[in-house]
Amino acid sequence: MDKPNIMESVEPGSGQYSLKADLRLNAWLLVATVTHVAVRILIKKQTEWSPLTGGMLALAPLIPGLLYVRSWVRFIRGLDELQRRIQLEAFLFAALGTVILGAVASSLNAHGVSTGLLKNGLGLGASFMAMLCFWSIGWGIAKCRYK
Amino acid sequence: MKNRVKELRSAREWSQGELAERLAVSRQTINAIETEKYDPSLPLALKIGKLFKLPVEEIFET
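Residues numbered from 1 in each chain as written. Chains lettered and ligands numbered in written order. Predicted model: local features only at pLDDT ≥ 70, side-chain atom pairs only at ≥ 80, totals over all residues.

1. Details of the overall build of chain B
Argument step 1. Along chain B, the regular secondary structure elements total 5 helices and 2 strands.
Argument step 2. Along chain B, helices and strands appear, N-terminal first, in the series β-α-α-α-α-α-β.
Argument step 3. Computed over C-alpha atoms, the radius of gyration of chain B comes to 10 Å, within 12% of the 11 Å expected from 2.2 N^0.38 for 62 residues, which places it in the range of a compact globule.
Argument step 4. Over its C-alpha atoms, taken along the principal directions, chain B stretches across nearly 25 × 25 × 20 Å.
Argument step 5. Here the contacts in chain B between residues at least 6 apart in sequence split such that 48% fall between residues at least 24 apart. (Helix = DSSP H or I, 4+ residues; strand = E, 2+ residues; numbered from the N terminus. Rg over C-alpha atoms; globule rule 2.2 N^0.38 Å. Contact = placed C-beta atoms within 7 Å.)

2. Describing the domain arrangement of chain A
Residues and elements named next belong to chain A.
Argument step 1. The domain boundaries assigned to chain A delineate domain 1 (1-79) and domain 2 (80-147).
Argument step 2. One C-alpha centre belongs to domain 1, the other to domain 2; they are set 18 Å apart.
Argument step 3. Listed per partner, the contact involves 7 residues of domain 1 and 6 residues of domain 2. (Domains from an automatic or database assignment.)

3. A look at the interface of chain B and chain A
A common way to express how large an interface is: the accessible area buried when the components associate.
Argument step 1. Between chain B and chain A, the residue contacts involve 10 residues of the former and 10 residues of the latter.
Argument step 2. For the side of chain B that touches chain A, the element with the most residues is helix α3 (residues 27-34) of chain B, which contributes 3 residues.

4. Comments concerning the nonpolar core
Argument step 1. The biggest cluster of nonpolar side chains holds 22 residues, and the ones touching the most others in it are A90, A94 and F134 of chain A together with A20, L23, I30 and I33 of chain B.
Argument step 2. Here this core takes 6 residues from helix α4 (residues 81-110) of chain A, the largest share from any one element.
Argument step 3. Those residues in contact with L23 of chain B, other than ones at most four positions away along the chain, are L44, K47, I48 and L51 of chain B. (Core = buried A, V, L, I, M, F, W, Y, C linked by C-beta atoms within 7 Å. Buried ≥ 20, exposed ≤ 12 C-beta atoms within 10 Å, placed from the backbone.)

5. Some words on α3 of chain B
Argument step 1. Every buried residue of α3 of chain B is listed here: Q28, T29, I30, A32 and I33 of chain B.
Argument step 2. Looking at the buried residues of α3 of chain B, the elements they touch are α4 of chain A together with β1 (2-3), α1 (5-11) and α2 (16-23) of chain B.
Argument step 3. One or two residues past the end of α3 of chain B sits E36 of chain B, with phi positive at roughly 60°.

6. Some words on the environment of S71 of chain A
All names here are of chain A.
Argument step 1. Turning to its location among the elements, S71 is positioned in helix α3 (residues 62-77).
Argument step 2. The sequence separation of S71 and N26 amounts to 45 residues, and the corresponding C-alpha distance is 7.8 Å.
Argument step 3. Other than its neighbours up to four places away in sequence, S71 contacts R24, L25 and W28.

7. Section: the packing of α4 of chain A against helix α5 (residues 124-145) of chain A
Residue and element names in this part refer to chain A.
Argument step 1. With their axes 7 Å apart at the nearest point, α4 and α5 run at an angle of 140° to one another. Classed by the angle they form, the pair α4 and α5 counts as oblique. Judged by the sense of rotation from one axis to the other, the crossing of α4 with α5 is right-handed. Of the residues in α5, those in contact with I86, E89, A90, F91, F93, A94, G97, T98 and L101 of α4 are S127, A130, M131, F134, W135, I137, G138, W139, A142 and K143.
Argument step 2. Looking at the contact of α4 with α5, its residues break down into 13 nonpolar, 4 polar and 2 charged. (Axes fitted to C-alpha atoms, helices over the stretch in contact; angles between N-to-C directions. Parallel < 35°, antiparallel > 145°, perpendicular 65-115°, else oblique. Left-handed = near helix turned anticlockwise from the far one by under 90°. Nonpolar A, V, L, I, M, F, W, Y, C, P; charged D, E, K, R; others polar.)

8. A few points about unusual backbone geometry
Argument step 1. Its identity is not glycine, yet E13 of chain B carries a phi of approximately 55°, on the positive side.
Argument step 2. Looking at the secondary structure, you find E13 of chain B in the loop between α1 and α2.

Here is the structure:
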């Protein structure tokens, strides 16, 4: 019988951690992060670019980002039913948390309240980081529930 | 939902890991079923029944 994917294989320190499984899942995240940083540096240096060129370049990290999503979808499909449920709960928590955070930040900005780092709303990077944080929390909660 | 998975597994002297492997699920799933924190899907319940050679209703009861 096929062995199901297990989340512990991509969880450092779990005792079942596998670098190969982690890379298979998260390599595109690394590429997306490097692309995001490179694009930011390029855009800052090149001020004579047209807004269209700058905009297109700013969206470049979306390509590895989408491939990262694809690797997650494949990984989740290989999970067993309980683990899949836990991940769906965690992703739902992450999506709702990010939407609420974005709504709160833009609402505060609209009323002139300074929100520091979020003064321009949630950007691509901040949205991703917020989702990652909320997903970790959601995963922890769901794991505890079925422990 | 109450179930006899732990009892049936223990009778065969299988560990949770062994049962998980036979059913192609994670050990966490077996643990959650045994502690009645999670009700398995119908396909998994049927698989459990087939493995223990018992009808599903004799393993799971509402």
